[in-house]
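# Structural features, examined
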2 protein chains.
Amino acid sequence: MTSSSELENAALQAAKFERVREAHKTEVAEDYVELIDDLINVNGEARVVELAERMGVSHATVNKIVGRLQREGLVVSRPYRSIFLTDEGREMAVEARRRHEIVVKFLKAAGVSPETAEIDAEGIEHHVSDETLDCLSALTGKIEI
Amino acid sequence: MTSSSELENAALQAAKFERVREAHKTEVAEDYVELIDDLINVNGEARVVELAERMGVSHATVNKIVGRLQREGLVVSRPYRSIFLTDEGREMAVEARRRHEIVVKFLKAAGVSPETAEIDAEGIEHHVSDETLDCLSALTGKIEI
DNA sequence: CTGAATTTGTAGCCATGGCTACATTTATTG
DNA sequence: CAATAAATGTAGCCATGGCTACAAATTCAG
Ligand SMILES: [Mn+2]
Ligand SMILES: [Mn+2]
Ligand SMILES: [Mn+2]
Ligand SMILES: [Mn+2]
């Protein structure tokens, strides 16, 4: 509620919650493609075991999610081989990393400890619009001066 | 990744994702109790139809979620009657509204349009730690001066 | 007070993302 | 090269939060 004792328009309010639900559908994909891209860049390849270890879930869970990512055209994986990103997956990874870094930098500039900044950014990153991202970048610049 | 070509400690990274998954378990509850509290304050009662309308979901979905909230001790509801918050539910509502308002105020102060601020806050609010919340409040004060 | 409209409940379906347990394949090592 | 270890796959379970369709209760008019 916007502090006054008036309730906002129901449809408008519903639209916000729908937006959040929409974000939740893509955020798992975003985190996985970003991590896959990291692993490929650093290790040369992305394997199920390491995804499982770094996501903190079982390898069975990773397998299921990789299956969905492949269905959705973000990833290519053949049985017992390492996992590759499609062009679309790579684009999503780049975009996800961009958001992630802007949020982390802003939080640190705002005085949040590096550890907490990293933790909070992992959730926040999926819910910031381009408009907000621009404002956070601008603010980070101003604070640092 | 932290920009360098080094991968961070796997267990630390996993802890962050676990935190996000944890937040996702509570955020539906937070949004519902906050809305229920709003409806009680403004309308005198919270009913399934209006929850459904304002959350943008079917009344069947609301019923299922209210059932869970009751199981978890956040809500009391008897068949065909309106929905009440327990003390615990009310506490959660107050806390959720506090977070919500701090985030919205900060975003607006940062130059985000009121509409976008409200939209983004609905997702962000569930992923900000107390530490970050304090920093955002402080920053909002500074910007406004 | 009765009949229609509204609200609420419930059943049963689906996809997602968790898990364990077990099977299979690939990699390592003696 | 064979045996063991490690990685991957798969089956089947669970809870959540979506939905539609239908049933039952409550509320509102007339
Ligand atoms: Mn994330
Ligand atoms: Mn979220
Ligand atoms: Mn919310
Ligand atoms: Mn809220």
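Residues numbered from 1 in each chain as written. Chains lettered and ligands numbered in written order. Predicted model: local features only at pLDDT ≥ 70, side-chain atom pairs only at ≥ 80, totals over all residues. Heavy atoms only, no water.

Looking at an unreviewed UniProt entry, chain A carries the name Transcriptional regulator MntR, with the source organism given as Kiloniella laminariae. Here is the UniProt Function (unreviewed entry) comment for chain A, exactly as written: "In the presence of manganese, represses expression of mntH and mntS. Up-regulates expression of mntP." As recorded by UniProt, the Subcellular location (unreviewed entry) comment attached to chain A reads in full: "Cytoplasm". (UniProt positions renumbered as here; feature names shortened; annotations may be inferred.)

## Quick look at the coordination of the manganese ion (ligand 3)
All names here are of chain B. Protein coordination at the manganese ion (ligand 3): the donors are Asp31 (OD), Glu122 (O), Glu122 (OE), Glu125 (OE) and His126 (NE2), at 2.0 to 2.3 Å from the metal. Sequence spacing of the donor residues for the manganese ion (ligand 3), all on one chain, is D-x90-E-x2-E-H. Between the manganese ion (ligand 3) and the manganese ion (ligand 4), a separation of 3.9 Å is found, and both are coordinated by glutamate 122. Each member of the pair, glutamate 125 together with histidine 126, is buried. (Donors = N, O, S within 2.8 Å, 3.2 Å for Na, K, Ca; no water. Buried < 20%, exposed > 50% of the residue type's maximum accessible area, 1.4 Å probe, protein only.)

## Overview of the coordination of the manganese ion (ligand 4)
Residues and elements named next belong to chain B. With distances of 2.5 to 2.8 Å, the protein atoms coordinating the manganese ion (ligand 4) are Glu34 (OE), His100 (ND1), Glu122 (OE), Glu125 (OE) and Glu125 (OE). Counting along the primary sequence, the residues that act as donors to the manganese ion (ligand 4) give the motif E-x65-H-x21-E-x2-E. Its relative accessible area of 5% is what places glutamate 122 among the buried residues.

## Topic: the packing of helix H5 (residues 114-124) of chain A against helix H1 (residues 10-43) of chain B
Between H5(A) and H1(B), whose axes approach to 9 Å, the crossing angle comes to 50 degrees. It follows that H5(A) is oblique to H1(B) by the angle criterion. Relative to H1(B), the crossing made by H5(A) is right-handed. The segment H5(A) lies against H1(B), with Glu118(A), Ile119(A), Asp120(A), Glu122(A) and Gly123(A) engaging Lys16(B), Phe17(B), Arg19(B) and Val20(B). Taken together, the residues of the contact of H5(A) with H1(B) sort by class into 3 nonpolar, 1 polar and 5 charged. (Axes fitted to C-alpha atoms, helices over the stretch in contact; angles between N-to-C directions. Helix = DSSP H or I, 4+ residues; strand = E, 2+ residues; numbered from the N terminus. Parallel < 35°, antiparallel > 145°, perpendicular 65-115°, else oblique. Left-handed = near helix turned anticlockwise from the far one by under 90°. Contact = heavy atoms within 4.5 Å. Nonpolar A, V, L, I, M, F, W, Y, C, P; charged D, E, K, R; others polar.)

## Observations concerning the interface of chain A and chain B
The interface of chain A with chain B comprises 54 residues on the first partner and 54 residues on the second. Viewed at the interface, chain B and chain A are joined by 4 salt bridges. Among the salt bridges present, the one from Glu118(B) reaches Lys16(A), with a minimum N-O distance of 3.8 Å. The tally of links from chain A across to chain B stands at 21 residue pairs in polar contact (both at pLDDT 80 or more). Elements that contribute at least two residues to the side of chain A that touches chain B include exactly helix H1 (10-43), helix H2 (48-55), helix H4 (87-109), H5 and helix H6 (130-144) of chain A. (Salt bridge = Lys/Arg side-chain N within 4 Å of Asp/Glu carboxyl O. Polar contact = N/O pair within 3.5 Å; in protein donor to acceptor, adjacent residues only side chain to side chain.)

## Re the environment of Thr26(A)
Residue and element names in this part refer to chain A. Counting through the fold element by element, threonine 26 comes out in helix H1. Residue classification places threonine 26 among the partly exposed positions, given a relative accessible area of 31%. In the structure, threonine 26 is positioned 94 residues away from aspartate 120 in sequence and 18 Å away in space, judged by C-alpha atoms. Here the side chain of threonine 26 touches alanine 23 through a polar contact of 3.0 Å, landing on its backbone oxygen.

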